[in-house]
Amino acid sequence: MQGILGRPVRIMFISRSLGFGGAERQLVSLAKGLRERDHEVLVALFYGGSPWEAELTRAGVDVHCLGKTGRWDVMKFMVRLSRLVRRVRPQIIH
């Protein structure tokens, strides 16, 4: 997948966390594979602290923890997410 004029695409994945489930492992594999193809990949997590974070970082994938504090942390969380989106300016958000 190439962007306009064959340039790499800036992709942001948003996930609750990176536990040991199958969906999380698929996200890690996808992010690493896209990074290997020279795309700019960022994974934004509601909650941090997963061992997969270090693996993604070693692969050159940016990982950002949004520091959600719980179920009712909505407004502050959304402000942090929107600031990250404005700063990174991804072409694709998934």
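The structure under discussion appears in the preceding block.
Residues numbered from 1 in each chain as written. Predicted model: local features only at pLDDT ≥ 70, side-chain atom pairs only at ≥ 80, totals over all residues. Heavy atoms only, no water.

Caption draft 1: Structural context of the environment of Lys 76. The residue Lys 76 is located in helix H3 (residues 75–88) in this model. Placed 62 residues apart in sequence, Lys 76 and Ile 14 show a C-alpha to C-alpha distance of 16 Å. (Helix = DSSP H or I, 4+ residues; strand = E, 2+ residues; numbered from the N terminus.)

Caption draft 2: Region of the structure containing H3. With 14 residues, H3 extends 20 Å between its outermost C-alpha atoms, agreeing within 8% with the 20 Å of an ideal straight helix rising 1.5 Å per residue. Three or more residues of H3 are buried, namely Phe 77, Leu 81, Leu 84 and Val 88. Take H3 and look down its axis: the buried residues cluster within an arc of 60°, on one side only. Turned more than 90 degrees off the buried face of H3, the exposed positions are Met 75, Lys 76, Arg 83, Arg 86 and Arg 87. Against strand S1 (10–15), strand S2 (40–45) and strand S3 (62–65) lie the buried residues of H3. Positive backbone phi, at 55°, marks Arg 89, one or two positions downstream of H3. (Expected span 1.5 Å × (residues − 1). Buried < 20%, exposed > 50% of the residue type's maximum accessible area, 1.4 Å probe, protein only. Arc of directions from axis to C-beta. Contact = heavy atoms within 4.5 Å.)

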